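# Descriptive structure summary
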Amino acid sequence: MKLWEKGYSLDKEAEAFTAGKDYLYDQKLVEYDCIASIGHAKMLGEMGYLTKKECKAICAGLKKIISLEKKGKFNITQSDEDCHTKIEAHLTKKLGQTGKKIHALRSRNDQVIAALNLYSKAKLNQILAEINSLQKAMKKADSKNFPMPGYTHMQRAMPSSTKMWFGSFIEMLKKDSKAIALAIEFNDENPLGSGAGYGFPFKVKNHVSAKQLGFKATHTNALAAQNFRAKKELSAVHALLEVMLTLNKFASDLMLFTTAEFGFFELPKELCTGSSIMPQKKNYDVLEIMRSNSGIVFANYSKIFAVSNNLPSGYNRDVQHTKAALMDSIETTLASVKMAQKIVKNLKANPENMKRALTPEVYAAEEVLKLVSKGETFRDAYRKTAKKFSK
């Protein structure tokens, strides 16, 4: 039975249409929904809605579900509608009347936000750790510090180095990490107790569930807990987009620098694909997919904004679609950061090719400044040097 069933059967076509593919994404929320439900159960125990024995049984049942899910033995189907229904049905089957008590003082509305907050916090912290590992890999790679040209307008411009090139991404990732940290802060609030968005006619001890779940804050306004959902998701995906923009530039650079015309870097064949018709081809598909993934995350950001824009206050079923966009963005970014680490660790530099590309005109601006240091005006020195390299 669905959590909302009241004695009639939903039209099967309508059921399939409203559930969509949401149950597939809810599979990823099972663990987090159970964790949130454990916190909620302990709050119910604190308030006297559950006896100690009932609370202990429910918490044990929820931990068992987490174990089953990790073994691939707790699968959500379209007929289940969502993970919340499946979890409560399982508890009721195992615990009888006790299982039916878990939903007191909550709605699926605050339940799903709690699970999403826990999911987002965990995944964003994982991405932060992977970014840190990527920075370390880049720092190790730049230690050799080979000279190479720097480019503007995709033309040779001034002298640069592998240390400067890698260092630019290290610094960008540091700033990206700050955006991720802010998104984590936005998700570090306990929505339990807000119910369907309008609270309850008496005080709910949501500070108990907040402490149990490790949330640093609780929503003081029940309606804000619902209305803030899209903003939290947008904050998270925007932070992920910052990371992906950094990786996009990294991948774009390497797509150029690994061509035969440049030959500054190369990857082992094990990280490259081939052509079905050209036997000599060594394709850097990992870089192309990484480059395009920024567009995927941006599309998800646009999707969340488009779906949530113009909605009235309170819960609206429309936001079911934003869950998929959030999760896809998190998984896409996490996979991209991990792959960037592998690329950096396996990237081979060809310093001789870099050195050959440092042709005389790359030092033209340096010559201008040398003349200036000897007393010439910048403009005269600029024109004199320009004549030299225009021959």
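Reference entry: report on the structure contained in this document. (Residues numbered from 1 in each chain as written. Predicted model: local features only at pLDDT ≥ 70, side-chain atom pairs only at ≥ 80, totals over all residues. Heavy atoms only, no water.)

## Observations regarding the overall build of the protein
Heads up, the rule is: Numbering of helices and strands runs from the N terminus; a helix is a DSSP stretch of H or I covering at least four residues, while a strand is a stretch of E covering at least two. The buried label goes to any residue with under 20% of its type's maximum accessible area, the exposed label to any with over 50%, and the partly exposed label to all in between, with areas taken from a 1.4 Å probe on protein chains only. Whether two residues are in contact is decided by their heavy atoms: any pair within 4.5 Å suffices. Residue exposure ignores everything except the shown protein chains as possible cover, and the areas themselves are Shrake-Rupley values with a 1.4 Å probe. Positive charges are assigned to Lys and Arg, negative charges to Asp and Glu, while His and the chain termini are left out of the count. To locate a charge, take NZ of a lysine, CZ of an arginine, CG of an aspartate or CD of a glutamate.
A tally of regular secondary structure across the protein gives 15 helices and six strands. Along the longest, intermediate and shortest principal axes, the C-alpha atoms of the protein span 90 × 55 × 35 Å. Counting over 391 residues, the protein shows a buried share of 46%. Sequence separation of at least 24 residues holds for 77% of the intrachain contacts in the protein that already meet a minimum separation of 6. Per element, the accessible surface of the protein, about 20,600 Å² overall, is 55% carbon and sulfur. Taking the average place of the 61 positive charges on the side chains of the protein and the average place of its 40 negative ones, the gap between the two points comes to 5 Å.

## Comments concerning the pattern of salt bridges
As a reminder of what qualifies: Each reported salt bridge corresponds to a side-chain nitrogen of Lys or Arg within 4 Å of a carboxyl oxygen of Asp or Glu.
Applying the stated criterion across every chain, the model contains 16 salt bridges. The partner of K101 in a salt bridge is E54, with the nearest N and O atoms 2.6 Å apart. Of this pair, K101 sits in the loop between α5 (83-95) and α6 (108-141) while E54 sits in helix α4 (residues 52-70), placing them 47 residues apart in sequence. In this structure, the salt-bridge partner of K384 is E376, at a minimum N-O distance of 2.7 Å. A residue is classified by how much of its surface remains accessible, and K384, at 45% relative accessible area, is partly exposed. Overall, E376 belongs to the partly exposed group, its relative accessible area being 26%.

## Side note on the environment of L128
For L128, the position within the fold is in helix α6. Those residues within four positions of L128 in sequence are excluded, and the remaining contacts are S177, I180 and I184.

## Quick look at the packing of α6 against helix α12 (residues 320-346)
Two measures define how a pair of helices packs: the angle their axes make with one another and the distance between the axes. Put simply, the test is: In this analysis an axis means a line fitted to C-alpha atoms, helices contributing only their contacting stretch, and an angle means the value between N-to-C directions, from 0 to 180 degrees. Angular relationships are summarised with four words: roughly parallel below 35 degrees, roughly antiparallel beyond 145, roughly perpendicular across 65 to 115, and oblique for the angles in between. By convention the crossing between two helices is left-handed if the near helix lies anticlockwise of the far one by an angle smaller than a right angle, and right-handed if it lies clockwise. Residues are grouped as follows: nonpolar covers Ala, Val, Leu, Ile, Met, Phe, Trp, Tyr, Cys and Pro; charged covers Asp, Glu, Lys and Arg; every other residue, Gly included, is treated as polar.
At a minimum axis distance of 9 Å, the contact between α6 and α12 shows a crossing angle of 15 degrees. Classified by the interaxial angle, the pair formed by α6 and α12 is roughly parallel. Pair α6 / α12 crosses with left-handed handedness. Residues belonging to the contact of α6 with α12 are distributed by class as follows: 16 nonpolar, five polar and six charged.

## Points about empty space enclosed by the protein
The condition that has to hold: Note on definitions: the grid is 1 Å and covers protein atoms alone; a cavity is a set of points where a 1.4 Å probe fits but cannot get out; a pocket is an open set with protein on both sides within 12 Å along at least five of seven lines; lining residues have an atom within 4 Å of a point. Grid points are joined across faces, edges and corners, and a volume is the space filled by probe spheres set on the points.
Enumeration over the complete set of coordinates arrives at one cavity of 30 Å³ or more. Roughly 40 Å³ of volume is contained in the largest cavity. Lining of the largest cavity is provided by I113, L116, N117, S120, N187, R229, K232, E233 and L326. Among the elements of the structure, α6 and α10 (229-257) are those that each provide at least two residues to the lining of the largest cavity.

## Description of the nonpolar core
Spelled out, the test is: Residues enter a nonpolar core if they are buried and are Ala, Val, Leu, Ile, Met, Phe, Trp, Tyr or Cys, with the set joined through side-chain atoms within 4.5 Å.
Core analysis: the largest hydrophobic core is formed by 89 residues, its most contacted members being I87, M138, W165 and F250. Sorting elements by how many residues they give to this core places α10 first, with 14 residues. W165 has contacts with M148, F250, D253, L254, F257 and F265, leaving out every residue within four places of it along the chain.

## Here we look at the layout of surface pockets
Gaps between atoms show up when a probe of the same size as a water molecule is rolled over them. Empty space within the largest pocket amounts to approximately 370 Å³. Mapped onto the lining of the largest pocket, the elements with two or more residues apiece are β1 (147-152), β2 (155-161), α7 (162-186) and α10.

## Focus: the pairing of β2
Let me state the cut-off plainly: In short, DSSP must find at least two bridges between two strands for them to pair.
The pairing of β1 with β2 spans six bridges and is classified as antiparallel. When the bridges of β2 are listed, T152 appears paired with Q155. Two successive antiparallel strands, β1 and β2, enclose a turn made up of two residues, where H153 displays a positive phi of approximately 55 degrees.

## Overview of the packing of aromatic side chains
We apply this condition: Note on aromatic contacts: the rings of Phe and Tyr and the six-membered ring of Trp form a pair at centre separations within 6.5 Å, being stacked when their planes are under 30 degrees apart, edge-to-face when over 60 apart, and tilted otherwise.
In the structure shown here, the tally under the stated rule is 16 aromatic pairs. Their ring planes at 85 degrees and their centres at 5.6 Å tell us that Y32 and Y119 sit as a pair that is edge-to-face. Here Y32, found in helix α3 (residues 30-47), pairs with Y119, found in helix α6; they are 87 residues apart in sequence, far enough to count as distant. With a relative accessible area of 12%, Y32 lands in the buried category. Judged by relative accessible area, which is 1%, Y119 ranks as buried. Between W165 and F257 the ring centres are 5.8 Å apart and the planes differ by 65 degrees, which places this aromatic pair in the edge-to-face class. Here F257 lies in helix α10 and W165 lies in helix α7, a separation of 92 residues in the sequence. Take W165 and F257: they sit in the same class, and that class is buried.

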